[in-house]
Amino acid sequence: MLATRILRSAKGAKPNITGFDISKLRAAAGTPKYDPWERTEAWRYRGPFTRWNRFKGTLPGLGTATVAFTIYCLYEHFFLNDEHHHGHSEGHGTEKH
């Protein structure tokens with residue numbers, strides 16, 4: 001009980017009873033200069049396993065399908081005649097579609 005009274009009476013920052021300072025531990029640990037697993041983990045981020053190469057093949061036909069659909073839409077818009085909806089009602093009576 002005497003130790004806690006002495007520590008409470010100290011002014012300023014609250015001292016640690018155990019003497020362990022986490023900031024000193026973090027400063028001492030830092031980043032390791034040599035990672036023993038670096039060589040074995042390197043294959044995950046190089047060559048065919050780079051981020052671009054991993055996601056490049058997720059939608060393999062999307063580019064071709066987009067171009068084909070665009071060409072079809074342009075062909076339909078400019079070259080195909082849609083005479084059904086131009087107000088002509090030949091053979092349909094008075095109904096409008």
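Preceding this paragraph is the structure being described.
Residues numbered from 1 in each chain as written. Predicted model: local features only at pLDDT ≥ 70, side-chain atom pairs only at ≥ 80, totals over all residues. Heavy atoms only, no water.

> Let's hear about the overall build of the protein chain: which residues, and what values?
Looking only at helices and strands, the protein chain has five helices and zero strands in total. Listing the helices and strands of the protein chain from first to last along the sequence gives α-α-α-α-α. For the protein chain, the accessible area works out to roughly 10,000 Å², and carbon and sulfur atoms hold 61% of it. (Helix = DSSP H or I, 4+ residues; strand = E, 2+ residues; numbered from the N terminus. Areas by Shrake-Rupley, 256 points an atom, 1.4 Å probe, with all protein chains shown as cover.)

> I'd like to hear about the pattern of salt bridges, residue by residue, with values.
Enumeration according to the criterion identifies one salt bridge in this entry. With a closest N to O distance of 2.8 Å, Glu41 and Arg44 form a salt bridge. The exposure class assigned to Arg44 is partly exposed, which follows from its relative accessible area of 37%. (Salt bridge = Lys/Arg side-chain N within 4 Å of Asp/Glu carboxyl O. Buried < 20%, exposed > 50% of the residue type's maximum accessible area, 1.4 Å probe, protein only.)

> How would you summarise a nonpolar patch on the surface if you had to cite specific residues and measurements?
A contiguous nonpolar patch, built from Phe69, Tyr72, Leu74, Tyr75, Phe78, Phe79 and Leu80 and spanning about 810 Å² of accessible area, is present on the exposed surface. Take Leu74: it is sitting in helix H5 (residues 62-79). In this structure Leu74 comes out as partly exposed when scored by relative accessible area, which is 46%. (Patch = residues over 30% accessible without salt bridge, like charges linked within 9 Å, V, L, I, M, F, W, Y side chains within 5 Å.)

> Outline the environment of Asn53, supporting the account with residue identities and numerical values.
For Asn53, the position within the fold is in helix H4 (residues 51-56). For Asn53, the contacting residues outside a window of four places in its chain are Gly47 and Pro48. (Contact = heavy atoms within 4.5 Å.)

> Which residues make up the packing of aromatic side chains, and what are the values?
Counting across every chain of the model gives two aromatic pairs. When the centroid spacing of 5.6 Å and the interplanar angle of 35° are considered together, the rings of Tyr75 and Phe79 count as tilted. Of this pair, Tyr75 and Phe79 both sit in helix H5, separated by four residues, roughly a single helical turn. Note on Tyr75: relative accessible area 42%, which makes it partly exposed. For Phe79, a relative accessible area of 60% gives the class exposed. (Phe/Tyr/Trp six-rings, centres within 6.5 Å; stacked < 30°, edge-to-face > 60°.)

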